[in-house]
Amino acid sequence: MNNLTHFSHPYIANSEKDIEEMLAELGIKSIDELYSDIPEDIRFKGKLSLPHFESEFEVKKHVEELLNKNKSTRDYRSFLGGGVLDIYIPAAQDELLRRSEFYTAYTPYQPETSQGTLHTLFEYQSMICEILAMDTANCSMYDWASSLGEAALMTARITKKRNKFLYTAATAPNREAVLKNYTAGVKLELVKIPFDPKTGKMDTKKAIELMDENTAGIYFENPNYFGVIESDIEEVIKAAKEKGIVVVAGVDTSSLALIEAPGNYGVDIAIGDAQPIGAGPLNFGGPLAGVFAMKFDKKWTRQMPGRLVGITLTPEKGKWAFTNTLQTREQHIKRHRATSNICSNEALSAMSTAFHLALLGPEGYKENAESMYYNAHYLKDELEKAGFNTVYNSEFFNTFLLELKVPADQKDKFTKFMLDKKIYAGIPISTEDNKFYNYLITTSYLLKKKDLDDYIAALKEWRNA
Amino acid sequence: MYKQARFEEPLIFELGKKGRRAHLPPKTDVPPREITIPKNMRRKEPPELPEMHEGEVFRHYLRLSQMNYSVDTGIYPLGSCTMKYNPKINEALARNEKMMYLHPYQPEETIQGILEILYKLQKYLSEMAALPYGTIQPAAGAQGEYVGLNLIRAYHHDHGDFDRTEIITPDSSHGTNPASSVMNGFSVLEIKSNSDGQVDLEALKAAVSEKTAGFMITNPNTLGIFESQITEIAKIIHDAGGLLYYDGANFNAIAGKIRPGEMGFDVLHFNLHKSFSTPHGGGGPGAAAELCSERLAPYLPVPVVEYDEDKGRYYLNYDLPKSIGKVHGYYGNVAVALRAYAYICSLGPEGLLHTSEQAVLNANYIMRKLEKIDGLVLKYNRELPRKHECVLDATPLKHDIGVGAMDIAKMLISRGVHAPTVLFPLIVHEALMVEPTENENKESLDNYAKIITEEIEKAKKDPNYAFNAPYNTSIGRVDDAWATRNLILSWKMIKQLKTENKWPPEWPEEEH
């Protein structure tokens, strides 16, 4: 076993003298004796091959050197979306995130000494409910994709013996992949609803045809993955309700100042990601914060995954407070009968969302949505004037699919061409025959007219080359 | 005397006034235009959000932060949670613009730095695990377990073995273990621990069969006891055709001392927010790394980060035909992984070894003090040294004066220290699960033991003192049953109660 002489390190509390005293009190000669129960043959006797930097300065320098090999969305103009959004984090928000009373705490298992976390999470749940027009929201899932997986499982729990889940083909492929994974073990059958190739909207007739007495839930995204607003779904929702099918919608949380809230058009469970409304910056796709909200129903609430903060009473008359509630659904108590295995969630990202929305207020929230809407529509109009087409001719918010038809063998060249213009061109989407790529374009509120004009000019140059 | 801050802070919705603003977002200079969203999909009622000025928002949340206990406030020895210090350099690095503002779908040539970090982090963790392949896609420990079980299922199915439907786990295991198994469609066989607090080999032999898909265990286990028969356990499981899953929640005890792959494990997860110092964030985000042997590698979630030597470039490899697919929308909690990377760089191999040794020394040191307290006992073989945590049982105290583990927890938080994990593991009835971590020094441990001793003495003089605790915290003891009965979960529900004249809530008559 290793016998190291002591070294002092900023992350280790005891000094050599402390250690001597503690060993003496335990009546042992070395720390090794505390490992004496470990069989000799499984002890690791080598030295781990790991880097070590002598000082904080050198660690910083090393990591910064690596990060400097990246180009960020502050270096280049980004037209990338697909579920996450390039946002601005106000200085006040970041300052609150640095409060280590928040970020170095854990799940508030002792509510009396954790009111800060609980109160803030209750406000997060409340703001999510306001935005989605729902009654209850949990205090976060990992991301939109896992919210979808958990929502599908929940529809099966609510509807008992039903084992089929419908979802539209215009679901983001990364979320679809997670949905498939989450439903594979429990044998929930997934059935895809096609979309209209002209409008990009759900094929509502087909959706209704696919509903039967075995269908637990139906899922669609609004706007869908291609940016199209699903505005013809009244009949689908009506049919689902008649058949006792749970309606689940995935929404862009940053769009709901302009687009109707899911709670106002019959959706039972609304999911999405809180990243676009302040859970955090892009962070290369994580951490994010999965939104999970629904209409209030006592029985359904007991089937929800994740943690819930609720109001409670204290011994002091008139002083109500906050606590984690319905913990008996959770894994640490219910074990194999829990509604989900989730333990750690994305609490700080949820709190971050509350800070962000409190700073934005209703005006800021709306202005951001309008900026994105104006940017995307200006871009689309100008591109059409320049002779480019969109794939689907439907109403949209901040995202549309541009019919660029970049030949598959030219894709890398196109990427490079656009990078030379300091542009991330969008998400390439392969055509059905795999011969061409179209581009899914999203405009954040950080883009200005010049960025859009540069984008159009670059595409023209590409086309003419 | 300790006194936690208490502000009479209203809900943010009750603050502010129409027309106040706390932030001016960047507006586009593209001219406004008519919004042509179809009428049925146009929002009619705007959402109710607070209208305040910046200073008010800040003051509200700053006050809330002061009503919160944290690792940076004081000792936080939650067993199984490894509440170690979160180094500030890691926070600073995570705020680098070339970390924060990277879109997950940027072209590969613009993300070489972050891919290199992810690639190397996985290699370093592989080195500690002695399991060569992996991913950091799972967003938390429970999702790590879920992925590991996914891999086990995929492996059996790929080998035509569709009848392996059972996961075996000891009754001391984390609640996530059985819950993750069920989410994967497995049934769970829980086996009893023996008098040493370890897996009962005879019970294990009786439990394995041609249905055994795998076995999940943490080692050291949740009692802080090292499962010294792990090699025999591995043999029993492997002989039965099952695979071994290592729940890495307790890895802080053994980093650099023992490598799970060399104990016979096929797959594991590490909690980066436990063993590798990333913040717990009031409940998350955490992150997990999944590491596995060669035979499970083909099933890993996509994409995996790889290095192309010919091109000298890191890339995301989606070409794993047998992959289980995805469990996260993108690549996991990357900004958390960056912090863990910096932590490993800061400590190096020797520092990590010291970290484990100090965590273990601290746990044993405090255990020997706590077991002397009249009313607490150390269940299971008290001769055995514990590893990074220890579990005391307050059943004697409960039996004598009715004061249990939860009451002790409430007395402790009255004194400005955090409580241990209580009432877990379930096999110790009045469990106090103490994990000090290497972040506490001798004085801090002495003080913690002294506080527990004093508080239990007070309880013995007057049990009501314990039942009415906590004192000096922002609020007194909450009524969990009321919260469950009434389920008030949002401002929207409060508004509804107001219209029914049911808010604020009425206090029940004294019921004694």
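If you're wondering where the values come from, they're calculated on a predicted model, not measured in any experiment. Sequence order as written defines the numbering, with residues in each chain counted from 1. Whichever chain is written first is A, and whichever ligand is written first is 1; the rest continue in order. A pLDDT threshold of at least 70 governs which residues receive local features in this predicted model, and a stricter bar of 80 or more applies before side-chain atom pairs are shown or counted, although totals over entire chains, interfaces and linings include all residues. The basis for every side-chain value is the complete set of heavy atoms in the structure, and neither hydrogens nor water enter the calculation.

J.: When you look at the overall build of chain A in this model, what are you seeing that I'm missing?
T.: Helical segments are the DSSP runs of H or I of at least four residues, strand segments are the runs of E of at least two, and each set is numbered from the N terminus. For chain A, the count of helices and strands is 14 helices and 14 strands. In terms of overall dimensions, chain A has a C-alpha envelope of 80 × 55 × 50 Å along the principal axes. Partitioning the intrachain contacts of chain A with sequence separation of at least 6 by distance along the chain shows that 72% fall at a separation of at least 24. Reported accessibility uses the Shrake-Rupley method at a 1.4 Å probe radius. Residues are deemed covered only where the shown protein chains occlude them. Carbon and sulfur atoms make up 48% of the accessible area of chain A, which amounts to about 15900 Å² in all. Contacts were defined at the residue level, with two residues in contact if any of their heavy atoms lie within 4.5 Å.

J.: Mind showing me how you'd approach helix H11 (residues 405–413) of chain B here?
T.: Since the α-helix packs 3.6 residues into each turn, any two residues three or four apart lie on the same face. Residues and elements named next belong to chain B. Here's how the labels work: a residue is buried when its accessible area is under 20% of the maximum for its type, exposed when over 50%, partly exposed in between, all with a 1.4 Å probe on protein chains only. H11 sits mainly inside the fold: eight of its nine residues count as buried. By the burial criterion, the buried members of H11 are Ala405, Asp407, Ile408, Ala409, Lys410, Met411, Leu412 and Ile413. Packed against the buried residues of H11 are helix H10 (395–401), strand S12 (421–422), strand S13 (431–434), helix H12 (442–461) and helix H13 (463–467).

J.: Even after reading the chapter, I still don't get the pairing of strand S6 (residues 246–251) of chain A, so can you show me in this structure?
T.: In the case of a regular strand, side chains alternate between the two sheet surfaces. Residues and elements named next belong to chain A. Counting buried residues in S6 gives six out of six residues, a clear majority hidden from the surface. With burial as the criterion, each face of S6 is covered, one bearing Val246, Val248 and Gly250 and the other bearing Val247, Ala249 and Val251. Pairing geometry for strand S5 (residues 215–222) and S6, over six bridges, is parallel. Looking across to S6, one finds that glycine 217 is bridged to valine 246. For the segment spanning S5, helix H9 (residues 234–242) and S6, crossover handedness is right-handed. Where S6 and strand S7 (residues 269–273) come together, four bridges link them in parallel fashion. The pairing criterion is simple: DSSP has to find at least two bridges between the two strands. Here a crossover is taken to be right-handed if, once the strands point away from the viewer, the path from the first strand over the helix to the second is traced clockwise.

J.: How should I be thinking about the sheet that holds strand S13 (residues 427–430) of chain A in this particular structure?
T.: Within a sheet, adjacent strands bond to each other through the backbone by hydrogen bonds, running parallel or antiparallel. Residues and elements named next belong to chain A. In space, the three strands of this open sheet follow the order S11-S14-S13, with antiparallel pairing throughout. Each edge of the open sheet carries a strand with a single partner, namely strand S11 (399–407) and S13. Adjacent strand axes in the sheet meet at a mean angle of 35° when their direction is disregarded. As paired elements, S13 and strand S14 (residues 436–442) share four bridges and run antiparallel to each other. Among the inter-strand pairings, proline 428 is bridged to a residue of S14, identified as tyrosine 439. As a rule, the C-alpha atoms of each element are fitted with a line to give its axis, helices using only the stretch in contact, and angles between N-to-C directions run from 0 to 180 degrees. Seen against the sheet, helix H13 (residues 411–420) touches S11, S13 and S14 and runs at an angle of roughly 120° to S11.

J.: Explain the pattern of salt bridges here, please?
T.: Two side chains carrying opposite charge are able to pair once their charged atoms lie near each other. Here, a salt bridge means any side-chain nitrogen of Lys or Arg that lies within 4 Å of a carboxyl oxygen of Asp or Glu. Tallying each qualifying case throughout the model produces 73 salt bridges over all chains. A salt bridge links A:Glu21 to B:Lys442, with the shortest nitrogen-to-oxygen separation between them at 3.5 Å. Residue A:Glu21 is found in helix H1 (residues 16–26), and its partner B:Lys442 is found in helix H12; the two belong to separate chains. For A:Glu21, a relative accessible area of 30% corresponds to the partly exposed category. A relative accessible area of 13% means that B:Lys442 is categorised as buried. Several salt bridges converge on common partners, so that one network encompasses A:Lys17, A:Glu21, A:Glu25, B:Lys369, B:Lys442 and B:Asp446.

J.: Help me understand the interface of chain B and chain A, please; the structure alone is not making it clear to me.
T.: Reports of interface size often rely on the accessible area that becomes lost once the parts have come together. Taken together, the 216 residues of chain B in the interface contact 210 residues of chain A. Throughout, buried area stands for the accessible area (probe radius 1.4 Å) lost by two parts on being put together, summed over both. With both chains or domains summed, chain B and chain A bury close to 18800 Å², and 63% of this area falls on carbon and sulfur atoms. Our count for the chain B to chain A interface comes out at 15 salt bridges. Measuring nitrogen to oxygen at the nearest pair gives 2.8 Å for the salt bridge that ties B:Lys410 to A:Glu112. Looking at which element gives the most residues to the side of chain B that touches chain A, the answer is helix H9 (residues 334–370) of chain B, with 29 residues. The residue classification treats Ala, Val, Leu, Ile, Met, Phe, Trp, Tyr, Cys and Pro as nonpolar and Asp, Glu, Lys and Arg as charged. All others, Gly included, are polar. Across the side of chain B that touches chain A, the residue classes tally to 111 nonpolar, 57 polar and 48 charged.

J.: Quick question: what am I supposed to make of the layout of surface pockets here?
T.: By rolling a water-sized probe across the atoms, one finds the places where empty space is left. Using only the protein atoms, space was sampled on a 1 Å grid; points where a 1.4 Å probe fits but cannot get out form cavities, open sets with protein on both sides within 12 Å along at least five of seven lines form pockets, and lining residues are those with an atom within 4 Å of a point. Grid points are joined across faces, edges and corners, and a volume is the space filled by probe spheres set on the points. In this structure, the second largest pocket occupies an estimated 940 Å³ of space. Counting residues per element, the ones that place at least two in the lining of the second largest pocket are strand S10 (320–325) and helix H11 (331–334) of chain A together with helix H5 (141–158), strand S6 (267–271), H11, S12 and helix H14 (480–486) of chain B.

J.: Can you help me understand empty space enclosed by the protein in this one?
T.: Evaluation of the coordinates by the stated rule reveals 11 cavities of 30 Å³ or more. What the largest cavity holds in volume is close to 390 Å³. A:Leu97, A:Asn283, A:Leu348, B:Arg95 and B:Arg339 are, among the 24 residues lining the largest cavity, the residues nearest its centre. Those elements that provide at least two residues to the lining of the largest cavity are helix H3 (91–97) and helix H12 (347–385) of chain A together with helix H2 (88–94) and H9 of chain B. In this model, the second largest cavity occupies a volume close to 240 Å³. Lining the second largest cavity are 20 residues, and of these A:Gly82, A:Gly83, A:Asp252, A:Asn398 and A:Thr399 lie nearest its centre.

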